Amino acid sequence: MSEVTSPAVAGPAAGTVLDRPVMSVDDVSVGFGPKTVLNGIGLPIERGSITALIGPTGCGKSTLLRSLNRMNDKIRGYWRRGRIELEGQDVADSSTDLLSLRRRVGMVFQRPNPFPMSIRDNVVAGVRAHGMASRSELTDVAERYLKEVSLWGAVADRLGDSPFRLSGGQQQLLCLARSLAVEPDVLLLDEPTSSLDPVTTEIVEDLLRNLVPDVTIVIVTHNLAQAKRVSNTTAFLYNGHLVEAGETSQIFDNPEQPETVSYIGGRIG
Amino acid sequence: MTVGATVSKTDTDLPTAAPSQSGGGGGGPDPGAHDPSGGGPAGPGAGQEKWWRGERLGPQVLRVVTHLPLIVLVLIMAALIWKAIPAIRYNGFGFFGRSVWNFGNLYAPILHTHGVAHPPGALYGALPLILGTIGSSAIAMVLALPVGVGTALVVVEKLPPRLSYGIGFCLEILAGVPSVVIGLWGFLTLGPFLMHHVATLWANHVPDVPVLRFFRGPTGNGQGLLTSGVILAMMIVPIIAATTRDLLRQVPRGTVEGAVALGMTDAEAANTVTIPWVRSGVIGASMLGLGRALGETIAVAMVSGVLVGSPIRSLYSAFSTIAATIVSQLDGAFTDASGLAVATLAELALVLLVITLLANVGARLLVRRVATTALPVGRGI
């Protein structure tokens, strides 16, 4: 990845860059106006891993996820305390370029949200905005990423068509291709499969496994089985607190906290 | 008129058909006769049902109502063509190429040419009127489209809800200001200000070369093409802004967020999502505005200078539109005993109708073209 080879990020101990978490959340509290949504969250996001955020509705998973690429910035009354770092630099730091932060930390949403333009243009929309490829290369870029998400076969002969004619699952794959096309370091997924059929869900999960370790993935999910299937690390949030975080097998098989036991056992949430 | 009679008849029939029967019982003391449609098996009047109570009345009324717009349009067209026939024969195709407006000698004996009665020396040409109509509307569109869309964008995206509500309210009020009021204000205040203080900033500095020459010249007393265009723009900005605002509110948040999450600037996100999403609707709203601008009569008659029969020399010169000409010439036209002047106004009205229809058809085609690419509301989806 670019930041590994780039001398700019070579800090005091250049050799340890790979061992350092790509992102870290350190004692972060977040809220809107008088309401506090997250309380003192601390969570390292290991490079090249899949981190699952689980917890009942309203526990703050999505808010945490959206804080990572500053999607909450425009929401009225949003505030944040503590540090959220990408490669050691706070995402809200004045020297952080918001646009390139969002390129490096991509996001896929719960509901497919294709742009009102052709399928091909959808895939390369971000590539175009960041000037990452010349005009003549765009179709190749679109093809590469449509193949990566296993959508190429279904849309190869209708790249100029409206994405709204695709099924919901195909639309979501298209949105994934769009996010991957800007070559993010971290990909945030907010319940990406909650509106998808089992087959597409499986495609997405396979894709996520293939993406690591090149891309670091943080996934919010309500589907505990999915968290168990795809993630290396699981963090359980409850009422705005990080109750427990650790290796997925440990969280599911030997949870330490009583709330985690209850949630995983289906007694709360 | 026949049409009017049909309308009032169906209007009065509708209420009788539906609720009043259930109370009155339609003459039947049987409480089972509550169903006004007469479908009840126990209904005593099932066989001798009056035609206006039947189930078939609804569809028939609907069929008439459905075809009313078409009928009205055809009737208007037919009436105009009928009235305009003498003028069409007398004026010929030269009507569209001449810049002249002459009733002829109304005191001399009436002559006959091609079987059309006319005063000697009568000569009409609609070229400056057609150009004036299209030109003033074009100026209005050029000004109103960015302002209207920009207003809507600011109201929806930037302003706090309370202020945005207030401005939206003002827009609706502005849309409802009678055109005669705007026209009078344009005549008294806006026109003189525009021509004396604004247009003078560039009118004398534009180079005297073809095309650009049109923007050069004396700015006059305040009545003219530019003032009319601005006045018309003021009238259609609320239409465009209010429609665009409603369209913008329907743009799905999640899709805009998708663009922002890719690292696009607000402007790029608007270009990628918001504008394509609302484009065909905005074109529709613009065409609504254009229709109003093309047909706007009294305000233009007040600020155009009503210069009929003389070519438009510059952006500031007095001119006239078809609509303003009809309203300003109608009185005088009736003094032409041969009827040619009135027939010519009918021909003008026909031309205006055709221009408006063409604008509408063009808008349809445009909407269809931009909607095909990707909109969820586009063709075939």
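Everything numeric here is computed off the predicted structure, so don't read it as measured data.

What counts, and at which threshold
Residues numbered from 1 in each chain as written. Chains lettered and ligands numbered in written order. Predicted model: local features only at pLDDT ≥ 70, side-chain atom pairs only at ≥ 80, totals over all residues. Heavy atoms only, no water. Helix = DSSP H or I, 4+ residues; strand = E, 2+ residues; numbered from the N terminus. Rg over C-alpha atoms; globule rule 2.2 N^0.38 Å. Buried < 20%, exposed > 50% of the residue type's maximum accessible area, 1.4 Å probe, protein only. Contact = heavy atoms within 4.5 Å. Buried area = accessible area lost by both parts, 1.4 Å probe. Salt bridge = Lys/Arg side-chain N within 4 Å of Asp/Glu carboxyl O. Polar contact = N/O pair within 3.5 Å; in protein donor to acceptor, adjacent residues only side chain to side chain. Nonpolar A, V, L, I, M, F, W, Y, C, P; charged D, E, K, R; others polar. Core = buried A, V, L, I, M, F, W, Y, C linked by side-chain atoms within 4.5 Å. Phe/Tyr/Trp six-rings, centres within 6.5 Å; stacked < 30°, edge-to-face > 60°. Lys NZ or Arg CZ within 6 Å of the ring centre and 35° of its normal. 1 Å grid on protein atoms, 1.4 Å probe; cavity = no way out; pocket = protein on both sides within 12 Å on 5 of 7 lines; lining within 4 Å. Points joined across faces, edges and corners; volume = space filled by probe spheres on them. Pairing = 2+ DSSP bridges. Right-handed = clockwise from strand over helix to strand, strands pointing away.

A. Quick look at the overall build of chain A. Each helix and strand in chain A was counted, giving eleven helices and ten strands. Here the C-alpha radius of gyration of chain A, 19 Å, is about what a compact globule of 269 residues would show, namely 18 Å. Principal-axis analysis of the C-alpha atoms places the extent of chain A at approximately 55 × 45 × 40 Å. Looking at chain A as a whole, 53% of its 269 residues qualify as buried. Put simply, 66% of the contacts in chain A that link residues at least 6 apart link residues at least 24 apart.

B. Local environment of the interface of chain A and chain B. In this assembly, 31 residues from chain A lie in contact with 26 residues from chain B. Of the roughly 2000 Å² buried between chain A and chain B on both sides combined, carbon and sulfur atoms contribute 64%. A per-residue breakdown of the area chain A buries against chain B is headed by Phe-115, Pro-116 and Phe-164 of chain A, which together make up 26% of the total. Inspection of the chain A/chain B interface yields two salt bridges. When the shortest N-O distance is used, the salt bridge between Asp-266 of chain B and Lys-74 of chain A registers 2.6 Å. The interface formed by chain A and chain B contains five residue pairs in polar contact (both at pLDDT 80 or more). Put simply, the parts of the chain that give the side of chain A that touches chain B at least two residues each are α3 (98–104), β6 (105–108), α4 (119–129) and α7 (168–181) of chain A. Looking at the side of chain A that touches chain B residue by residue, the class counts come to 14 nonpolar, nine polar and eight charged.

C. Main features of the nonpolar core. Of all hydrophobic cores here, the largest spans 57 residues; its most connected members are Trp-101, Tyr-124, Leu-226, Ile-322 and Leu-348 of chain B. Breaking this core down by element, the ones donating at least two residues are α3 (57–91), α4 (127–158), α6 (179–198), α8 (225–249), α10 (266–295), α11 (298–303), α12 (322–333) and α13 (340–372) of chain B. Sorting elements by how many residues they give to this core places α8 of chain B first, with eleven residues. In contact with Trp-101 of chain B, other than residues within four places in its own chain, are Phe-95, Leu-123, Tyr-124, Gly-125, Leu-129, Val-308, Gly-309, Thr-325, Gln-329, Thr-344, Leu-345 and Leu-348 of chain B. In this structure, Ile-84, Leu-101, Val-186 and Val-220 of chain A belong to the second largest nonpolar core, which totals 49 residues.

D. Examining the packing of aromatic side chains more closely. A complete count under the given rule lists eight aromatic pairs over all chains for this structure. Judged by centre distance (5.5 Å) and plane angle (85°), the ring pair of Phe-164 of chain A and Trp-277 of chain B falls under edge-to-face. Of this pair, Phe-164 of chain A sits in the loop between α6 (152–155) and α7 while Trp-277 of chain B is found in helix α10, placing the two residues in two different chains. As far as burial versus exposure is concerned, Phe-164 of chain A and Trp-277 of chain B are alike and both buried. Ring geometry for Phe-95 of chain B versus Phe-96 of chain B: centroids 5.5 Å apart, planes at 75°, classification edge-to-face. The rings of Phe-236, Tyr-238 and Tyr-263 of chain A are connected pair by pair, giving a single aromatic cluster. Just above the ring of Phe-115 of chain A sits the side chain of Arg-178 of chain A; from NZ or CZ to the centre is 3.9 Å.

E. How the structure looks around empty space enclosed by the protein. This structure, assessed with the given rule, holds two cavities of 30 Å³ or more. Considering only enclosed or pocket space, the largest cavity measures out at about 60 Å³ in volume. Lining the largest cavity, in full, are Arg-102, Arg-103, Gly-106, Met-107, Phe-109, Arg-178, Ser-179 and Val-182 of chain A together with Gly-258, Ala-261 and Leu-262 of chain B. Elements with a minimum of two residues in the lining of the largest cavity: α3, β6 and α7 of chain A together with α9 (253–261) of chain B.

F. The arrangement of the pattern of salt bridges in detail. Inspection of every chain in the model, using the stated rule, returns 18 salt bridges over all chains. A salt bridge links Glu-257 of chain B to Arg-66 of chain A; the nearest nitrogen and oxygen atoms lie 2.6 Å apart. Residue Glu-257 of chain B is located in helix α9, and its partner Arg-66 of chain A is located in helix α2 (residues 61–68); the two belong to separate chains. A residue is classified by how much of its surface remains accessible, and Arg-66 of chain A, at 12% relative accessible area, is buried. Three or more residues are tied together by salt bridges with common partners; here these are Arg-80, Arg-83, Glu-85 and Asp-90 of chain A.

G. Geometry of the sheet that holds strand β4 (residues 78–86) of chain A. Residues and elements named next belong to chain A. Ordered in space as β2-β1-β4-β5, the four strands form an open sheet in which the pairing is antiparallel. Where the open sheet ends on each side, the last strands, each with one partner, are β2 (35–45) and β5 (89–90). Relative to β4, strand β1 (residues 23–32) is paired through eight bridges, and the arrangement is antiparallel. Each residue of the ladder has a partner; that of Asp-26, found in β4, is Arg-83.

H. Here's a closer look at the layout of surface pockets. In this structure, the largest pocket encloses a volume near 1000 Å³. Lining of the largest pocket is provided by 33 residues; of these, Lys-74 of chain A together with Glu-157, Arg-253, Val-256 and Asp-266 of chain B occupy positions nearest its centre. Elements with a contribution of two residues or more to the lining of the largest pocket: α3 of chain A together with α4, α5 (161–175), α8, α9 and α10 of chain B. Broken down by class, the residue content of the lining of the largest pocket amounts to 19 nonpolar, three polar and eleven charged.

I. The arrangement of the pairing of strand β8 (residues 216–220) of chain A in detail. All names here are of chain A. By the criterion of burial, β8 is predominantly enclosed, with five of the five residues buried. Neither face of β8 is left uncovered, since the one carrying Thr-216, Val-218 and Val-220 and the one carrying Ile-217 and Ile-219 both have all their residues buried. Where strand β7 (residues 186–190) meets β8, five bridges bridge the pair, whose relative direction is parallel. Bridge pairing in β8 links Leu-187 to Ile-217. In the classification by handedness, the crossover that spans β7, the intervening helix α8 (residues 198–211) and the parallel β8 is right-handed.

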